[in-house]
Amino acid sequence: MRDVTTAHPVQDLDVQPTPLALLLLGRDADPRSERGVECPGDLPSPSDPDLVERARAAKEKLGEKVFVLGHHYQRDEVIQFADVTGDSFKLARDAAARPEAEYIVFCGVHFMAESADILTTDDQKVVLPDLAAGCSMADMATAEQVAECWDVLTEAGVAEQVVPVSYMNSSADIKAFTGRHGGTICTSSNARRALEWAFEQGEKVLFLPDQHLGRNTAVRDMGMTLEDCVLYNPHKPNGGLTAEELRDAKMILWRGHCSVHGRFSVESVDDVRARIPGVNVLVHPECKHEVVAAADYVGSTEYIIKALEAAPAGSKWAIGTELNLVRRLANRFAAEDKEIVFLDKTVCFCSTMNRIDLPHLVWTLESLAEGKLVNRIEVDPETEKYAKLALERMLALP
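My aim in this report is to walk through the structure given alongside it, one point at a time. (Residues numbered from 1 in each chain as written. Predicted model: local features only at pLDDT ≥ 70, side-chain atom pairs only at ≥ 80, totals over all residues. Heavy atoms only, no water.)

## Observations concerning the overall build of the protein
Stage number 1. The secondary structure content of the protein amounts to 18 helices and 14 strands.
Stage number 2. Looking at the protein as a whole, 56% of its 398 residues qualify as buried.
Stage number 3. Pairs at least 24 apart in sequence give 68% of the contacts found in the protein among residues at least 6 apart.
Stage number 4. A total of about 17,900 Å² of accessible surface is found on the protein, and carbon and sulfur atoms cover 49% of it. (Helix = DSSP H or I, 4+ residues; strand = E, 2+ residues; numbered from the N terminus. Buried < 20%, exposed > 50% of the residue type's maximum accessible area, 1.4 Å probe, protein only. Contact = heavy atoms within 4.5 Å. Areas by Shrake-Rupley, 256 points an atom, 1.4 Å probe, with all protein chains shown as cover.)

Written out as structure tokens, the structure is:
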């Protein structure tokens, strides 16, 4: 085969890498994006047999100066060093409740670390072990795109009727936009309460950035119809919607989704029911509407955990959420004879969450133990002011 690279040297081509390509290569940064940047410093080898002991030694040396947060979707090798585990908002609040901790090491993804920085004191420093641990869903709504959407709503004559509600899984910029425009943040646990509050403030809701959580909450939990919802596509002129469609809609859903939860299908549900008679299908509300409709139970990560804790011995469960958590729950409840399987036959981790591995955690803890602050996540004061306002509105929900 002819060597194409030799025949057409790169330096002879007038080609410039796109910003997205540079981001994916880890060679550039976009402060308004969840995508990562380079992780400076030399990481320990993943084959180093002393990694666990090195992490323990560094954490012990730091003592109460460090507080390690572990999201439910983290791998076990990282979770073992977490002082607390939970979903993104619970962890951010846990961090805020530990003002004596100088360093908050957030084993999660970028938007989670931002939220922790917003809620903690100015003296605390939030650290993300790998800056490339972003969130594809949060990336699907940039500040510029959302500002353009608001212009579209204004031109359609509906902006004054619209209250933004943004999912916790969004960047600080989007949370700040929400705060500036009188909206609130929600989690998958309190999305219904947030929407009920929003409809008391206005006639319509702009739901960012996960269309599925917005649609499922509106239709399944609040009795709206699919016709009450329209999908705003930021990659199309005017979001792909007419002014009339915007005027008629109650829910304006942003075209975003979770790459993990979005993979589950009705076929997955049908297949697991055929394979495991009597199985209970339990899925996260970030799943597609038809999957949620086909499931037996729907709820947040914390809901899933509590449901399995309360489940009777001998019961069978197919779980539609991230694989690290499903596997951990299966191992935890095996002794109680609870059969817990992943809903889809194809294995799927959250790829960005899995960037936080033991070598990155060891490098982070050892650097901090040596007095070197690395990978700090810091939200600028203006963004923090309005993002915090939106978060406080959520905390004030009944």
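Continuing now.
## A closer look at the sheet that holds strand E6 (residues 184-186)
Consider a sheet: its strands pair through backbone hydrogen bonds, and that pairing is either parallel or antiparallel.
Stage number 1. Strands sit in the order E6-E5-E7-E9-E8 across an open sheet of five strands; the sheet is parallel. Taken across any chain shown, the strands that pair with only one partner, and hence form the sheet edges, are E6 and strand E8 (229-232). Each strand axis lies, on average, 25° off the axis of its neighbour in the sheet, ignoring direction.
Stage number 2. Note: strand E5 (residues 162-167) against E6, three bridges, orientation parallel. (Pairing = 2+ DSSP bridges. Axes fitted to C-alpha atoms, helices over the stretch in contact; angles between N-to-C directions.)

## Quick word on the sheet that holds strand E1 (residues 66-71)
Stage number 1. Spatially, the five strands line up as an open sheet ordered E2-E1-E3-E4-E14, and their pairing is mixed. The strands lining the two open edges of the sheet, one partner per strand, are strand E2 (84-86) and strand E14 (376-377).
Stage number 2. Pairing geometry for strand E3 (residues 103-107) and strand E4 (residues 125-127), over three bridges, is parallel. Bridge assignment links Tyr-103 to a residue of E4, and that residue is Lys-125.
Stage number 3. Contacts from helix H17 (residues 358-369) reach E1, E3 and E4, with the element oriented near 175° to E3.

## Thoughts on unusual backbone geometry
Stage number 1. Cis geometry is adopted by the peptide bond preceding Pro-209, which originates at Leu-208 and carries an omega value of -20°.
Stage number 2. Position of Pro-209 relative to the elements: it lies in the loop between strand E7 (204-208) and helix H11 (211-221).
Stage number 3. Its identity as a non-glycine residue notwithstanding, Asn-238 has a phi of 55°, on the positive side.
Stage number 4. Topologically, Asn-238 is positioned in the loop between E8 and helix H12 (243-248).
Stage number 5. In this structure Asn-238 comes out as partly exposed when scored by relative accessible area, which is 39%.

## Considering the pairing of strand E13 (residues 339-342)
Stage number 1. Side-chain alternation along E13 places Ile-340 and Phe-342 on a buried face and Glu-339 and Val-341 on a face that remains uncovered.
Stage number 2. Here four bridges tie strand E12 (residues 316-320) to E13, and the two strands are oriented parallel to one another. Across the sheet, residue Ala-318 finds its bridge partner in E13, namely Val-341.
Stage number 3. For the crossover from E12 across helix H16 (residues 323-333) to E13, the handedness is right-handed. (Right-handed = clockwise from strand over helix to strand, strands pointing away.)

## Observations regarding the packing of aromatic side chains
Between two aromatic rings, the relevant description is the distance of the centres plus the angle of the planes.
Stage number 1. A full pass over the atoms with the stated rule returns four aromatic pairs.
Stage number 2. Their ring planes at 80° and their centres at 5.6 Å tell us that Trp-150 and Phe-177 sit as a pair that is edge-to-face. Residue Trp-150 is located in helix H8 (residues 143-155), and its partner Phe-177 is located in helix H9 (residues 172-180); the two are separated by 27 residues in the primary sequence.
Stage number 3. Trp-150 gets classed as buried once you look at its relative accessible area, which sits at 13%.
Stage number 4. The class of Phe-177 is buried, set by a relative accessible area of 9%.
Stage number 5. Between the aromatic rings of Tyr-232 and Trp-254, the centroid separation amounts to 5.2 Å while the plane-to-plane angle is 25°, which identifies the pairing as stacked. In this pair, Tyr-232 sits in strand E8 while Trp-254 sits in strand E9 (residues 251-254), placing the two residues 22 residues apart along the sequence.
Stage number 6. Tyr-232 gets classed as buried once you look at its relative accessible area, which sits at 2%.
Stage number 7. By relative accessible area, which is 0% here, Trp-254 ends up buried.
Stage number 8. Sitting over the face of the ring of Phe-67, Arg-98 holds its NZ or CZ atom 4.2 Å from the ring centroid. (Phe/Tyr/Trp six-rings, centres within 6.5 Å; stacked < 30°, edge-to-face > 60°. Lys NZ or Arg CZ within 6 Å of the ring centre and 35° of its normal.)

## What about the packing of helix H10 (residues 191-201) against H11?
Two numbers describe a pair of packed helices, the interaxial angle and the distance between the axes.
Stage number 1. With their axes 10 Å apart at the nearest point, H10 and H11 run at an angle of 80° to one another. Between H10 and H11, the crossing angle belongs to the class labelled roughly perpendicular. Within the contact between the two elements, H10 uses Ala-191, Arg-192 and Leu-195 and H11 uses Leu-213, Gly-214, Thr-217, Ala-218 and Asp-221.
Stage number 2. Residues belonging to the contact of H10 with H11 are distributed by class as follows: four nonpolar, two polar and two charged. (Parallel < 35°, antiparallel > 145°, perpendicular 65-115°, else oblique. Nonpolar A, V, L, I, M, F, W, Y, C, P; charged D, E, K, R; others polar.)

## Some points on the pattern of salt bridges
Stage number 1. Applying the stated criterion across every chain yields a total of 19 salt bridges.
Stage number 2. With a shortest N-O distance of 3.1 Å, Arg-355 and Asp-130 are connected by a salt bridge. With Arg-355 in the loop between E13 and H17 and Asp-130 in the loop between E4 and helix H7 (136-139), this residue pair connects regions lying 225 residues apart in the sequence.
Stage number 3. Exposure remark for Arg-355: the relative accessible area of 39% places this residue in the partly exposed category.
Stage number 4. The closest approach of N and O atoms between Arg-263 and Asp-344, which form a salt bridge, is 3.1 Å. (Salt bridge = Lys/Arg side-chain N within 4 Å of Asp/Glu carboxyl O.)

## As for the side chain of Gln-74
Stage number 1. When you line up the elements, Gln-74 lands in the loop between E1 and helix H4 (76-79).
Stage number 2. Overall, the relative accessible area of 0% leaves Gln-74 in the buried class.
Stage number 3. Among the polar contacts made by the side chain of Gln-74, one reaches the main-chain carbonyl oxygen of Met-353 at a distance of 3.2 Å.
Stage number 4. Not counting residues within four places of it along the chain, the set of residues in contact with Gln-74 comprises Ile-79, Cys-107, Gly-108, Asn-324, Arg-328, Met-353 and Ile-356. (Polar contact = N/O pair within 3.5 Å; in protein donor to acceptor, adjacent residues only side chain to side chain.)

## Comments concerning the nonpolar core
Stage number 1. Counting 108 residues, the largest nonpolar core has Val-105, Phe-207, Met-251, Val-283, Ile-340 and Leu-365 as its most contacted members.
Stage number 2. Formed by 21 residues, the second largest nonpolar core is a distinct cluster that contains Leu-153, Ala-159, Leu-206 and Tyr-232. (Core = buried A, V, L, I, M, F, W, Y, C linked by side-chain atoms within 4.5 Å.)

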